[in-house]
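As a plain string of letters, each chain reads:
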Amino acid sequence: MATFNATDLNTKPLFMGGYGNGAVVWGSVIPTAGVLGDVYRPVRIPAGMLVTHLDIVNDDLDTGGTSGSAKIGYAPVNTAEGPAGVDDYFSATSNFLTSAGRKVCAFHPIKFEKDVWVTITFTLSTTTFASGKVTAVAMGQAEGIK
């Protein structure tokens, strides 16, 4: 198993104001494998953000078939501080990475009081992996932390 991080994973989302405003954070990762258990972390969601919308835009990572599947969730940046990760909060397992496209996730809005990573966890390996870009775009309200 391997974890592939976006190159700007820990530097892109910076300070967020405490009075609230609309917010968009996004990031991309270019993995070199797609096997069972691999985790992609394309973006970091800053503390204080209420996430209302998440899209995954991806290249075709399985050129040999449609077997590769993954789920989309979140994991804490600092496991000691939390929150507890939920690896399928944004989307249950599906094979969206087997062709280029955009996946719109369906979930109830969620506010994070601590920084989290969006995680894409493989539940079934690809048939023939092809490296490509996977981008996550999270939108919502920057409410600040309490």
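Structure: see above.
Residues numbered from 1 in each chain as written. Predicted model: local features only at pLDDT ≥ 70, side-chain atom pairs only at ≥ 80, totals over all residues. Heavy atoms only, no water.

Draft legend 1. Quick look at the packing of aromatic side chains. The final tally for this structure, using the stated rule, is 8 aromatic pairs. Relative to phenylalanine 90, the ring of tyrosine 74 has its centre 6.1 Å away and its plane inclined at 65°; by these criteria the two rings are edge-to-face. With tyrosine 74 in strand S6 (residues 69-76) and phenylalanine 90 in strand S7 (residues 86-94), this pair connects stretches of sequence that are 16 residues apart. On the basis of an interplanar angle of 90° and a centroid distance of 5.4 Å, the ring pair of tyrosine 89 and phenylalanine 90 is categorised as edge-to-face. Taking the relative accessible area as the measure of exposure, phenylalanine 90 reaches 1% and is therefore buried. Three or more aromatic residues link up through ring pairs in this structure, and these residues are Tyr74, Tyr89, Phe90, Phe107 and Phe112. (Phe/Tyr/Trp six-rings, centres within 6.5 Å; stacked < 30°, edge-to-face > 60°. Helix = DSSP H or I, 4+ residues; strand = E, 2+ residues; numbered from the N terminus. Buried < 20%, exposed > 50% of the residue type's maximum accessible area, 1.4 Å probe, protein only.)

Draft legend 2. View of the pattern of salt bridges. Throughout the structure, instances matching the rule amount to 6 salt bridges. Across the salt bridge formed by lysine 114 and glutamate 81, the nearest N and O atoms sit 3.9 Å from each other. Here lysine 114 is found in the loop between strand S9 (110-112) and strand S10 (116-124), whereas its partner glutamate 81 is found in the loop between S6 and S7, with 33 residues between them in sequence. Classification of lysine 114 by relative accessible area gives partly exposed; the value is 35%. Residue glutamate 143 is joined to lysine 111 by a salt bridge in which the shortest nitrogen-to-oxygen separation is 3.4 Å. In this pair, glutamate 143 sits in the segment after strand S11 (134-142) while lysine 111 sits in strand S9, placing the two residues 32 residues apart along the sequence. Residue lysine 111 is classed as partly exposed on the basis of its relative accessible area of 23%. The network of salt bridges with common partners includes Lys111, Glu113 and Glu143. (Salt bridge = Lys/Arg side-chain N within 4 Å of Asp/Glu carboxyl O.)

Draft legend 3. Unusual backbone geometry, seen in detail. Here glycine 82 and proline 83 are connected by a cis peptide whose omega angle stands at 5°. Here proline 83 lies in the loop between S6 and S7.

None of the figures reported here should be taken as evidence of function without further support.
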